[in-house]
Amino acid sequence: MSLTPEQRLEAYHLMRTIRRFEERCAELYSAGDIGGFLHLYIGQEALAAAVKYATRPDDNVITAYRDHGIALAKGLEAGRLMAEMLGRTTGVSKGRGGSMHLADVEKRMWGGWAIVGGHLPLATGLALADDYNGDDRVTICLMGDGSTNIGYFHEALNMAGVWKLPVVWIIENNEYGMGTSVKRASAVEELTEKARAYNMPAKRIDGNDLQGMVQEIGEAVEHVRDPENGPVLFEAVTYRFRGHSMGDPERYRTKEEITEAQRRDPIFLWAEKLIEDGVATQEALDHIGTQVEEEVAAAVKFAKESPLPELEDLYDHVYAD
Amino acid sequence: MPEITLIEAVLQAMDEELARDERVFITGEDVGPRGGVFRATMGLHDKYGGDRVIDSPLSELSIVGIGVGAALAGMRPICEIQFADFIHPAFNQIVNEAARMYYRSDGAWTVPMTIRAPYGGGISGALYHSQSVEALFAHVPGLKVVIPSTPYDAKGLLKSAIRDPNPVLFFEAKKGYRLIKGEVPEGEYTVPIGPAKVSRAGSDLTVYAYGMMHHYVLEAAEIVSREDGVECEVVDIRTLAPLDTETVLASFKKTGKALIVYEDNRFLGYGAEIAALLSDEAFEYMDGPIRRLTGPDVPGVPFSHPMQDFFMPNTSKIVDAIRELAGY
Ligand SMILES: Cc1ncc(C[n+]2csc(CCOP(=O)(O)OP(=O)(O)O)c2C)c(N)n1
Ligand SMILES: [Mg+2]
């Protein structure tokens, strides 16, 4: 599976959008416009883009709380996402959820989930429904390395494995769960080994290599789409450039480690490749950068001008009719 | 006496107990070098080492489960759950195992463990970082449930919890961690688990509260005293289970009116039990309806800040509720 030149530029645009969206979020957080907890995806954008190009728009995507990038990749509008970050009525859940719970069922983005690992059995259930109904949809379930240590992971994978359900599990191994490195939290350092217990093929992939991931994940998605085949697992090895969430003192790693990792910034790598392959000039990429700047500025403006919810809305949607 | 914050008091208690008793150890996510997500264990890893201040994988049910096992074998585990919202995966270990152990073994096995978790809203944590879970556990015989509202009590009660032969759930008001300050002696003292405390004397009505809400209730009591001449008696519950019914009843018998304030949602919340107790055992003293000021019965604290504020009881809502009841 390979990308057309248009898609390659579009993917660049998407990754820049995710990056800029989150940089603006960080600024808005510092200014007090965004409250609560904010987890940035900066450094991991390539995976969100890869999921977009490796799947069909009607495939299910579900992820954890580090969800801004995936939400943008799933086609949720930047303005409505930013409005959610600011708790406005125009947000994707009317400000009820905030940063960690971005979702849009019509786009089959089943959300960010703040209880780590809690969404993994849900992914198995989404896939069960498709399998049951004979829909040829695939469920992409993203998770952090940390969540492979909670019981949910093992139960959800086992059930998907034994019932051969169409799930592509993707572990985003960014080396840390909060301040705890993978090797201090997991008895196996190669997280793909955990898939073996559930009888599913598993592969480690470079989480900063967009083209490589589109290829690998794209093939896997089509493999899984065949109801005979059952689930597969990927471990996308990447790195988060920012703290776990805003205000993380980051005592668990060195500045040098971060600087070293930033040399493999996925957006930078992609830009290099586009220029090398003659798909774009530096000027063309800069132009995309300017466009993104304007689009994100418009999203912020939209969010800030949107109304806050009415207090009585609090009581809506406790029970469905 | 030095003035310290609620979270510093929690840290001091654990520091002193680690020093005092080699059987005490701490485990939880990032309790080690990072010092805990709220920094309640800051510096303890350096001081006592990784064998006693143990970073765990992301595994709540086993953080508690290994605590139960180690406690059975004579250790004194302190299990940290980063947010009370994440305690639910460990519900089985707490309710089916820890709570029933002493009873099922006919008094042969004890589970001297402490489970600490920050609880409550008001920090824009939204649905999964704001929960109050005390009623779920206070309902279960065999568990002790403690919620301190001052740094003095936080230190003294946590030390008692660590030494207690029973499983103790120790919930800390995260919003109060740095907001609530108070004088705390350095060094050894304990506050017993059990007794509630009359934290303000008054004759017009009694307000019952714990944790963060107790802090706001005291503020509200001063306001109505100053502006309305209404004198509230305030009872800080402190130990929710087992409940100090004597102190709760004595205050009501004096004032004849009760307001119970908690931020958990109302239905079958902690205040329902106090209201039932008062009507069962002090009916003839009742001088007005027993009121509850609580969070609303919705499935979570929403993110958007005006809605969050609307959800949370606060000083001005408490003032209004006191005025309404005083005027009854
Ligand atoms: C059940 C549960 N336990 C703990 C937490 C607190 N917590 C939030 S994120 C996190 C680390 C998760 O790490 P990982 O899965 O690697 O994801 P990353 O943050 O690296 O994307 C922890 C401990 C939580 N939200 N839910
Ligand atoms: Mg991680």
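None of these values were measured; they are calculated from a predicted model.

S.K.: What am I meant to see in the overall build of chain B here?
M.R.: For chain B, the helix and strand inventory stands at twelve helices and 14 strands. In summary, chain B has a C-alpha radius of gyration of 19 Å against a globular reference of 20 Å for 328 residues, a match within 12%. Counting all 328 residues of chain B, 57% fall into the buried class. Put simply, 80% of the contacts in chain B that link residues at least 6 apart link residues at least 24 apart.

S.K.: I tried to follow the overall build of chain A on my own but got confused; where do I start?
M.R.: Regarding its fold elements, chain A presents twelve helices and seven strands. Relative to the compact-globule value of 20 Å for 321 residues, chain A shows a C-alpha radius of gyration of 19 Å, a close match. Taking all 321 residues of chain A together, 54% fall into the buried category. The long-range fraction of contacts in chain A, counting pairs at least 24 apart against all pairs at least 6 apart in sequence, stands at 76%.

S.K.: Would you take a moment to explain the sheet that holds strand β7 (residues 168-173) of chain B for this structure?
M.R.: Through backbone hydrogen bonds, the strands of a sheet pair up, either in parallel or in antiparallel fashion. Residues and elements named next belong to chain B. Strand order in this open sheet of seven strands is β3-β2-β4-β5-β7-β6-β12, and the pairing throughout is mixed. Of all the strands in the sheet, just β3 (53-55) and β12 (239-241) have a single pairing partner and so form its edges. Going from strand to strand, the sheet's axes swing by 20° on average, the running direction of each strand aside. Sheet analysis places strand β2 (residues 24-28) next to β3, joined by three bridges and oriented parallel. Counted as the bridge partner of Thr27 is Ile54 from β3.

S.K.: Looking at this structure, how should I read unusual backbone geometry?
M.R.: In most cases, non-glycine residues show a negative phi, while peptide bonds are predominantly trans. Cis geometry is found at the peptide bond from Ala241(B) to Pro242(B), where omega equals -5°. Its place among the elements puts Pro242(B) in the loop between β12 and α9 (245-255). A positive phi angle is found at Asn199(A), which is not glycine, with a value near 60°. The topology assignment puts Asn199(A) in the loop between α8 (193-196) and β6 (202-206). Even without a glycine there, the phi angle at Arg39(B) is positive, about 70°. One can find Arg39(B) in the loop between β2 and α2 (44-48).

S.K.: Can you walk me through the interface of chain B and chain A in this structure?
M.R.: If you look at the interface, chain B gives 30 residues, while chain A gives 34 residues. Here the element with the most residues in the side of chain B that touches chain A is helix α11 (residues 305-311) of chain B; it accounts for five residues.

S.K.: Please clarify how the site of ligand 1 should be interpreted in this entry.
M.R.: Every one of the 18 residues lining ligand 1 counts as a neighbour, but Val116(A), Gly144(A), Gly146(A), Gly177(A) and Phe86(B) are closest to it. The site occupied by ligand 1 is bordered by residues of chains A and B. Counted by class, the shell around ligand 1 contains seven nonpolar, seven polar and four charged residues.

S.K.: So what exactly am I meant to see when it comes to the packing of helix α2 (residues 45-54) of chain A against helix α9 (residues 210-225) of chain A here?
M.R.: How two helices sit against one another is set out by the angle between their axes and by the gap between those axes. Residue and element names in this part refer to chain A. Following both chains from N to C, one finds α2 and α9 inclined at 40°, their axes separated by 8 Å at the closest point. Classified by the angle between their axes, α2 and α9 sit oblique to one another. Pair α2 / α9 crosses with right-handed handedness. The residues of α9 that touch α2, namely those facing Ala46, Leu47, Ala49, Ala50, Val51, Tyr53 and Ala54, are Leu210, Met213, Val214, Ile217, Gly218 and Val221. Taken together, the residues that form the contact of α2 with α9 break down as twelve nonpolar, one polar and no charged.

S.K.: Looking at this structure, how should I read the domain arrangement of chain B?
M.R.: Quoted interface sizes are often the accessible area lost when the parts come together. Residues and elements named next belong to chain B. Parsing chain B into structural domains produces domain 1 (3-183) and domain 2 (197-326). Taking only C-alpha atoms into account, the centre of domain 1 sits 26 Å from that of domain 2. Across the boundary between the two partners, domain 1 contributes 25 residues, which contact 24 residues of domain 2. Breaking the side of domain 1 that touches domain 2 down by element, the ones donating at least two residues are α6 (134-138), β6 (144-146), α7 (151-163) and β7. Of the residues in the side of domain 1 that touches domain 2, the class split is 13 nonpolar, eight polar and four charged.

S.K.: For this particular structure, what's the right way to read helix α3 (residues 60-72) of chain B?
M.R.: Each α-helix winds once per 3.6 residues, and so residues spaced three or four apart point in a common direction. Residues and elements named next belong to chain B. Compared with the 18 Å implied by 1.5 Å per residue over 13 residues, the 18 Å span of α3 between its first and last C-alpha is a close match. Considered for burial, the residues of α3 that qualify are Glu60, Ser62, Ile63, Val64, Gly67, Val68 and Ala71. Of the surrounding secondary structure, the elements contacted by the buried residues of α3 are β2, β4 (76-80), α4 (91-98) and β5 (114-119). Following α3 by one or two positions, Gly74 adopts a phi angle in the positive range, close to 100°.

S.K.: Mind showing me how you'd approach the packing of α3(B) against α4(B) here?
M.R.: All names here are of chain B. At their nearest, the axes of α3 and α4 sit 8 Å apart, and the two run at 25° to each other. The angle between the axes of α3 and α4 places the two elements in the roughly parallel class. Every residue of α4 that contacts α3 at Leu61, Val64, Gly65 and Val68 is listed here: Asn92, Gln93, Ile94, Glu97 and Ala98.

S.K.: Would you mind showing me how to read the pairing of strand β7 (residues 232-237) of chain A here?
M.R.: Residues and elements named next belong to chain A. Along β7, six of the six residues are buried, which leaves the element largely enclosed by surrounding structure. Residues Val232, Phe234 and Ala236 of β7 are buried on one face, and the alternating residues Leu233, Glu235 and Val237, pointing to the opposite face, are buried as well. For strand β3 (residues 167-173) and β7, the ladder comprises six bridges, and the chain directions are parallel. For Ile171, the partnering residue across the bridge sits in β7 and is Glu235. Here five bridges tie β6 to β7, and the two strands are oriented parallel to one another. Bridging from a neighbouring strand, Lys203 pairs with Phe234 of β7. For the crossover that starts at β6, traverses α9 and ends in the parallel β7, the hand is right-handed.

The rules behind each value
Note that residues are indexed from 1 along each chain, following the sequence as it is written. To label them, take the chains in the order written and letter them from A, then take the ligands in the order written and number them from 1. Whole-chain, interface and lining totals are the exception, using all residues; otherwise, since this is a predicted model, local features are given only for residues with pLDDT of at least 70 and side-chain atom pairs are given and counted only at 80 or more. For helices the rule is a DSSP run of H or I covering at least 4 residues; for strands it is a run of E covering at least 2, with both sets numbered from the N terminus onward. As defined in this context, the radius of gyration uses C-alpha atoms, and a globule is described by 2.2 Å times the residue total to the power 0.38. Here a residue counts as buried when 20 or more other C-beta atoms sit within 10 Å of its C-beta, as exposed when there are 12 or fewer, and as partly exposed otherwise, the C-beta atoms being derived from the backbone. Think of it this way: build a C-beta for each residue from its backbone, and any pair within 7 Å is a contact. DSSP bridges decide pairing: two strands pair if at least two such bridges lie between them. Axes here mean lines fitted to C-alpha atoms, for a helix over just the part in contact, with angles spanning 0 to 180 degrees between N-to-C directions. Think of it this way: take the backbone, place a C-beta atom on it, and check whether that atom is within 6 Å of the molecule or strand, in which case the residue is near it. Gly is put with the polar residues, along with every residue not named as nonpolar or charged; the nonpolar set is Ala, Val, Leu, Ile, Met, Phe, Trp, Tyr, Cys and Pro, and the charged set is Asp, Glu, Lys and Arg. Angles below 35 degrees are treated as roughly parallel, those above 145 as roughly antiparallel, those between 65 and 115 as roughly perpendicular, and all remaining angles as oblique. A crossing counts as left-handed when the near helix is turned anticlockwise from the far one by less than a right angle, and as right-handed when that turn is clockwise. Note: domain ranges come from an automatic or database domain assignment. Working rule for helices: expected span equals 1.5 Å times residues minus one. Crossovers are described as right-handed under a simple rule: with the strands pointing away from the observer, the path leading from the first strand over the helix to the second runs clockwise.

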